[in-house]
Amino acid sequence: MNDLPGMANPDNPLVPFRVFDTLHFARFVILNDATLDDLSVYGPEAELRDAPVYLAFLGECDGSAEHQLAQFVVQAGDGLRRIFAYCVGFDASGDLLQWMRHNSIKPSASYVNWIGRTVSQIRQEAELHKALAGYLAEYLSDDTDRTRHEPQHIRNALVQVVDQKGPRLTEPAPTPLDWRIRQLLYVVTAAAAVFLVVLPCLVLPARAALWVYVAVLLILAAAATVFLACLRRHEAKDPDVQGPAKAPSDEHLLALGAQQDYDVTNQYTAFGSFKPGTFSRWTTTVIWWLVDLATPILYPRGNLARIKTIHFAHWIFLDDKRRGLFVSNYDGSSESYMDDFVNKVSFGLNLTFGRGLGYPRTYFLLGGGARLEQDFKNVQRRHALPAQVWYKAYPELTLVDIARNARIRQGLKRKTMTDSEIRQWLSEI
Amino acid sequence: MAQPVSEYQDIQGIVRSGYGKLDEASFLLLRITDVREAKAWLAAVVEAPGTTGRSYHVTHAGNFGSYLPRALQVAMTAPGIRKLGAPDVLFQEGSPHAFPREFRLGMAAEAPDIEGRSRRLGDLGDNAPYNWDWGGSPAQTPDALVMLYAEKGGLAGFQQMVTADLAAGFEMVRVLDTAIVSDKGRQRREPFGFVDGISQPEIDWEARRTPGTVDDLEYGNLIAAGEFLLGYENEYELFTQRPLLDPVLDPENILSPAQDDPGRRDLGRNGCYLVLRQLEQDVAGFWQFLRQESPDDDGVSLGEAMVGRRLTNGDPLITATRAEIRGVDPGPDQLRQNGFTYDSDPEGLACPFGAHIRRANPRTADLPGGRQGLVSRLLRMLGLKQGDPRDDLISSSRFHRIIRRGRPYGAVIGKRESMLGDESHGAPTGIHFICLNANIARQFEFIQNAWIVNARFNAMHSEADPLLGNRLPFPGTQPTDTFSVPDLFGPNRRITGLPRFVTVRGGAYFFLPSLRALRFIARQGREP
């Protein structure tokens, strides 16, 4: 299925990814956890001896996943059947769609770099940029008349030539209904929360209301104290799995390295166990739930905290929340991705993965952890898995390219622009 | 609190000085032919003067300031250290107490194209290791590097003497000659004609600064010693992975205990890694191309835009800021040449984003926007306040600095001769790029990958470093051979079809041991 190591041929006969025009990324990855033995530091009862080896088929698409699954069955049913035939319990003569639905897992948290931006929009805007760059070079090559090079003249000429020669752009697709409903729910929930907060003031005399507030605050403070005390106790007592043998082997790093940096974007798949016990389980569950809730509100467009290179990311529980999977697609090399993790968002890494087994020791789930640079890089590389097949719908484009192309389009569509805006706009072409 | 550096007599002098007063230099690439003799030579050059018959020794950093007529440094590759019988645990994969993987595997010694190192370093096409003159395969990788420096006229005799002594234990793989740079008092120039080596990090020898405080919200040039010397705290206030040994393996107590792990002996302490790359420069091609693109001034201003500094004196295209920058010497020359950041030029109008010096050291701080406003700072840290689309694209510089100690080689060709297309200078010319760092992956390789060869550096597209780029399309058919110069009055000036000006001819990763570590290596397998 591949052209280059790990890089899907978009026209491969098994799953011809190119025909799915709503599919951003996809990957097949065998989840074989080489770090399972780490659990033995918690004693024999913690071990997951018969932990299954999974084949994961993951993707990011526009619209609903249900629709995408149906498309896969229609356009690549035979190929998928051949691949899934290697899975336990797969019946090649059965209903493929049913089987895929039955075996699909919803991520506990997901991040989307730019909510609502479709594959076709990305491709069209890239085409527009390419065409405009050509038109601009052609226009500038004629310098018979200096006034031709004035910003307004250049822009008018470009607008005209795009009108005449294209490319034609379709309007960006409207945000799906369920996204709108979700947004509405957020607003309603926020309103309800505010209402709850002010409720005592509305229904009770001032003095009584004050007591209610004090009581609630005390309860919250007590709960927080109990939680932080538990957390600290766990953090201090967690056994160390980072013995000398717990850095990745050369063979493992070679397998990872062999598939990286063939495009400007790389895939990342990390798999491992959580620290056993209900505390880790519930802490991670709540944090991932909050991440899922908060990221679309706080980071809907272009950045996840200070990172602008992540296209998509998902946090997924497996095996009754005893193991977890993190997958992402990021621009740049693995070393720069790690650099961002360590230097820009170590707190985020610590919160979401701090209860992972073998993760560098954290301090109140915020400090330490990813700030322990080399330990962290070792851990994340040790848990990283090479994806057997990885597909990207718009090779050669980084998120910075995609955002720039969108700005170029907006500039083209605007009615008027000042000279300095045009210069800015032209400098991006 | 970080520990200051005090054992200067244990540190090879090149960490502290580029031996600028010594005009002549040559670098000997050696292969060990007789282990015993090789160790005997090493032992002799690290013993105290007077105790052996040798009239030269490894130069240490303890005589800084006093004039030395010549200097000698020794560095070794991983295969070289192994051959001398160093304990296997030093090379054990996955061990946090062994040499790090990139040093063990080398710049190109093991399947670099499969593993991806060559892709990341841009060593593809004509730059690919299998085209190198040396270092491109295990068979072509030297075991040791002996660097000789001498005052004018002094090198030939020195080199002859050392070479004769080396012959018993080593075979000469290659001698890397360097150009005589005899312009005392003037600044050194690289073969294209630009002043080189202006920007260097200032090593925090005395541990005056604590890394990671609010001060790092602004760019600083004073960098933790642990970034350039193993065994000291780095910019994360941590100890970089380095070879540590069980004391049983050091029965003669040659090595000192590791500061963070006193139960182990520190083979890395006071040493670092030395990256050597032979970069051939097409000087004639460079200037001819520039003149063809910009005939008005013989291409000088375009060349300056590509470099980021003036041809005449090396001043930056950016005017120095008035604010003081930590670790930049307050003398007028240093202030003018290094007292700047790119914050004052957010549109690249003074210095193009793609200019070599703006890539090699972007002079970024930990957080765009600096220290202004507590609330604003919190919002920026959480990514909730978005400014310029370029914000946050470039990593903080302080984790990615190197000390440069390169020297040019070949005939010096003037700009004018180059433009005339005078082909009489047949001898190749270029630079033996040398840099020192404590973490090859995070420092040299990161700079080379994320900043130099990256065609998407700082939100640009289709352009790699204008001087060093390999010009191969990446990825797929995307060009990397353009260079854009922002223009205040119109669209970017885009120069396309840049030829390759620099070709990699060889390279290797060396360990530059402390004198103690050299002594330890030299005594491996010998009866105490």
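Residues numbered from 1 in each chain as written. Chains lettered and ligands numbered in written order. Predicted model: local features only at pLDDT ≥ 70, side-chain atom pairs only at ≥ 80, totals over all residues.

Details of the overall build of chain A
Link 1 in the chain: Helices and strands together make up the secondary structure of chain A, namely 13 helices and 11 strands.
Link 2 in the chain: Across its three principal axes, chain A shows a C-alpha extent of roughly 80 × 70 × 45 Å.
Link 3 in the chain: Taken over 429 residues, chain A has a buried fraction of 36%. (Helix = DSSP H or I, 4+ residues; strand = E, 2+ residues; numbered from the N terminus. Buried ≥ 20, exposed ≤ 12 C-beta atoms within 10 Å, placed from the backbone.)

Describing the overall build of chain B
Link 1 in the chain: Within chain B, the regular secondary structure consists of 14 helices and 16 strands.
Link 2 in the chain: In terms of overall dimensions, chain B is globule-like: its C-alpha atoms have a radius of gyration of 23 Å, near the 24 Å expected for 528 residues.
Link 3 in the chain: Each principal axis of the C-alpha distribution contributes one length, and for chain B these read about 75 × 65 × 45 Å.
Link 4 in the chain: By the burial criterion, 53% of the 528 residues in chain B qualify as buried.
Link 5 in the chain: Across chain B, contacts joining residues at least 24 apart in sequence account for 71% of those joining residues at least 6 apart. (Rg over C-alpha atoms; globule rule 2.2 N^0.38 Å. Contact = placed C-beta atoms within 7 Å.)

Quick look at the interface of chain B and chain A
Link 1 in the chain: With 39 residues of chain B in contact, the opposing surface of chain A contributes 47 residues.
Link 2 in the chain: Within the residue set of the side of chain B that touches chain A, elements represented by two or more residues are α4 (112-115), α5 (117-121), α13 (441-452) and β15 (490-495) of chain B.
Link 3 in the chain: With five residues, the single largest contributor to the side of chain B that touches chain A is α13(B).
Link 4 in the chain: Tallied by class, residues from the side of chain B that touches chain A come to 16 nonpolar, 15 polar and eight charged. (Nonpolar A, V, L, I, M, F, W, Y, C, P; charged D, E, K, R; others polar.)

Section: the nonpolar core
Link 1 in the chain: Ranked by internal contacts, the top residues of the largest apolar core, which has 125 residues, are Tyr273(B) and Phe510(B).
Link 2 in the chain: Those residues in contact with Tyr273(B), other than ones at most four positions away along the chain, are Phe103(B), Asn437(B), Ala438(B), Ile440(B), Tyr509(B), Phe510(B), Phe511(B) and Leu512(B). (Core = buried A, V, L, I, M, F, W, Y, C linked by C-beta atoms within 7 Å.)

As for the domain arrangement of chain A
Link 1 in the chain: For chain A, the assigned domains read domain 1 (2-117 + 240-392), domain 2 (119-171 + 398-428) and domain 3 (177-237).
Link 2 in the chain: Split by residue class, the side of domain 1 of chain A that touches domain 2 of chain A holds two nonpolar, seven polar and five charged. (Domains from an automatic or database assignment.)

What about helix α8 (residues 278-298) of chain A?
All names here are of chain A.
Link 1 in the chain: Between the first and last C-alpha of α8 there are 29 Å, a value that for 21 residues agrees with the 30 Å anticipated at 1.5 Å per step.
Link 2 in the chain: Every buried residue of α8 is accounted for by Ser280, Thr283, Thr284, Ile287, Trp288 and Val291.
Link 3 in the chain: The elements touched by buried residues of α8 are β5 (109-112), β7 (310-318) and α10 (346-353). (Expected span 1.5 Å × (residues − 1).)

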